[in-house]
Amino acid sequence: MHPDRHHLVLGGDLPVHRLGFGAMRLPADDPAAAHALARRAVELGVTFIDTADSYDLGRNEELLAEALHPYPDGVVLATKAGQCHPGDEWIPLGRPEYLRQQAELSLRRLRVERIDLFQLHRIDPTVALADQIGALRQLQDEGKVRHVGLSEVSAEQIVEAGRITPIVSVQNRYNLGDRRSENVLEHCERHGIAFLPWLPIAPSVRPDSPVTEVARRLGATPAQVALAWLLRRSTVMVPIPGTSSLRHLEENAAAVDVDLPDEDFDRLDRLGQGREMSRA
């Protein structure tokens, strides 16, 4: 992986812009709006789009294909399997035959012959990790999956999975106010693994928080500052903010142009050390 400020190379052969798009919030009940969001993301320079088989029971993948297929050169689609979403529950489901079935369905819905990045959405504690990763390795061997990633894992699980097939990305929750995956991020940095923070923008920021103060001084939004901090925090970081709003999409995309002065970066960095966490 040879990252720069705005790009990294995923898996050694897929250059992507370091600010991606999480498609989970595409409005399934308004296809025209969903199509407009996906197309606008690509117009704004997004080349990495993250979805999953479980988002709206596969409809999310279909919306992306409707909006973007045939996909523009350089656009990388990542999807996931291994977690079902019946109603309000999220349930890990990692039986090898299920993962293989879901990959076939994703191929059909995305209208591709090979999935660029296929991620294990969650490790199923009732199934041996080797069996789950083995299913993904088999899909690679068959030419149906290019690269394999993981989601919500420990550094030890990354190492274990990596004995079966190279792991090129990890998607854990991480943002200014939630650094529980700090050691996983550091592991990814050491091993050239892309780190895709989901929920990269903390859900709520108080008007008197340091984030808001920095944003006001820089003429940016708090969300832009949060994303700019992530991009500077590590060169393997690929935030994937999601939104159902065109305005927020455009604001998020502009975060790549926000330059955080050293003192502001350091102050925000200290939020994760608990010194100003209560005000974040």
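Everything here concerns the structure above.
Every chain is numbered independently, its residues counted from 1 as its sequence is written. Residues qualify for local features only when their pLDDT is at least 70, as the model is predicted, and side-chain atom pairs are given and counted only at 80 or more; totals for whole chains, interfaces and linings, by contrast, use all residues. The basis for the side-chain values is all heavy atoms of the structure; hydrogens and waters are excluded.

**Q** With reference to specific residues and values, describe the overall build of the protein.
**A** By definition, any uninterrupted DSSP run of H or I lasting at least four residues is a helix, any uninterrupted run of E lasting at least two residues is a strand, and each is numbered from the N terminus. Within the protein, the secondary structure is distributed over 10 helices and 11 strands. The quantity called the radius of gyration is restricted to C-alpha atoms. Its globule counterpart is 2.2 Å times the number of residues to the power 0.38. For the protein, the C-alpha radius of gyration of 18 Å lies close to 19 Å, the compact-globule estimate for 280 residues. Considered along the principal axes of its C-alpha atoms, the protein spans approximately 50 × 45 × 40 Å. A total of 280 residues make up the protein; the buried ones form 53% of that total. Working note: accessible area of the protein is about 12200 Å², and carbon and sulfur atoms make up 49% of it. Averaged over its 32 positive side-chain charges, the protein has a centre that lies 2 Å from the centre of its 41 negative ones. Relative accessibility thresholds used throughout: buried, under 20% of the residue-type maximum; exposed, over 50%; partly exposed, between the two (1.4 Å probe, protein chains only). With residues, only the protein chains shown are counted as cover, and all accessible areas are computed by Shrake-Rupley using a 1.4 Å probe. Charge assignment in this entry is limited to Lys and Arg as positive and Asp and Glu as negative, and neither His nor the chain termini are counted. The atoms used to mark charge sites are NZ of Lys, CZ of Arg, CG of Asp and CD of Glu.

**Q** Summarise the layout of surface pockets; cite the residues concerned and give the values.
**A** Here the largest pocket is characterised by a volume of approximately 610 Å³. Around the largest pocket, the lining comprises 27 residues; the ones closest to its centre are R25, W198, L199, P200 and G242. Ranked by residues supplied to the lining of the largest pocket, first place goes to helix α9 (residues 246-253) with 3 residues. Considered class by class, the residues forming the lining of the largest pocket number 13 nonpolar, 9 polar and 5 charged. Lining residues are defined by having an atom within 4 Å of a point belonging to a cavity or pocket. Those points lie on a 1 Å grid over the protein atoms alone, cavities being sets where a 1.4 Å probe fits but cannot get out and pockets being open sets with protein on both sides within 12 Å along at least five of seven lines. Grid points are joined across faces, edges and corners, and a volume is the space filled by probe spheres set on the points. Amino acid classes used here: Ala, Val, Leu, Ile, Met, Phe, Trp, Tyr, Cys and Pro are nonpolar; Asp, Glu, Lys and Arg are charged; the rest, including Gly, are polar.

**Q** I'd like a rundown of the packing of aromatic side chains, residues and numbers included.
**A** Put simply, two rings from Phe, Tyr or Trp (the six-membered ring, in Trp's case) pair if the centres are within 6.5 Å, and we call them stacked under 30 degrees between planes, edge-to-face over 60, tilted for the rest. By the definition in use, this model includes 4 aromatic pairs. Measuring from ring centre to ring centre gives 6.4 Å for Y55 and W90, while their planes differ by 85 degrees; the resulting arrangement is edge-to-face. In this pair, Y55 sits in the loop between β4 (48-50) and α2 (59-68) while W90 sits in the loop between β6 (83-84) and β7 (91-92), placing the two residues 35 residues apart along the sequence. When its relative accessible area of 33% is taken as the criterion, W90 is described as partly exposed. Relative to W229, the ring of Y174 has its centre 6.2 Å away and its plane inclined at 15 degrees; by these criteria the two rings are stacked. Of this pair, Y174 sits in the loop between β10 (167-171) and α6 (182-191) while W229 sits in helix α8 (residues 222-233), placing them 55 residues apart in sequence. Through successive ring pairs, a cluster of aromatic residues spans Y174, F195, W229 and F265. Both a distance and an angle decide whether a charge sits over a ring: NZ of Lys or CZ of Arg must be within 6 Å of the ring centre and within 35 degrees of the ring normal. Just above the ring of F265 sits the side chain of R232; from NZ or CZ to the centre is 4.6 Å.

**Q** I'd like a description of the pairing of strand β8 (residues 115-120), backed by residues and values.
**A** A large share of β8 lies buried, amounting to 6 of its 6 residues. When DSSP finds two or more bridges between two strands, those strands count as paired. Bridge analysis of strand β5 (residues 76-81) against β8 gives 4 bridges, and the strand direction is parallel. Paired with A81 across the bridge in β8 is L120. Sheet topology note: the β8/strand β9 (residues 145-151) ladder contains 5 bridges and is parallel. Its bridge partner lying in β9, Q119 is registered against G149.

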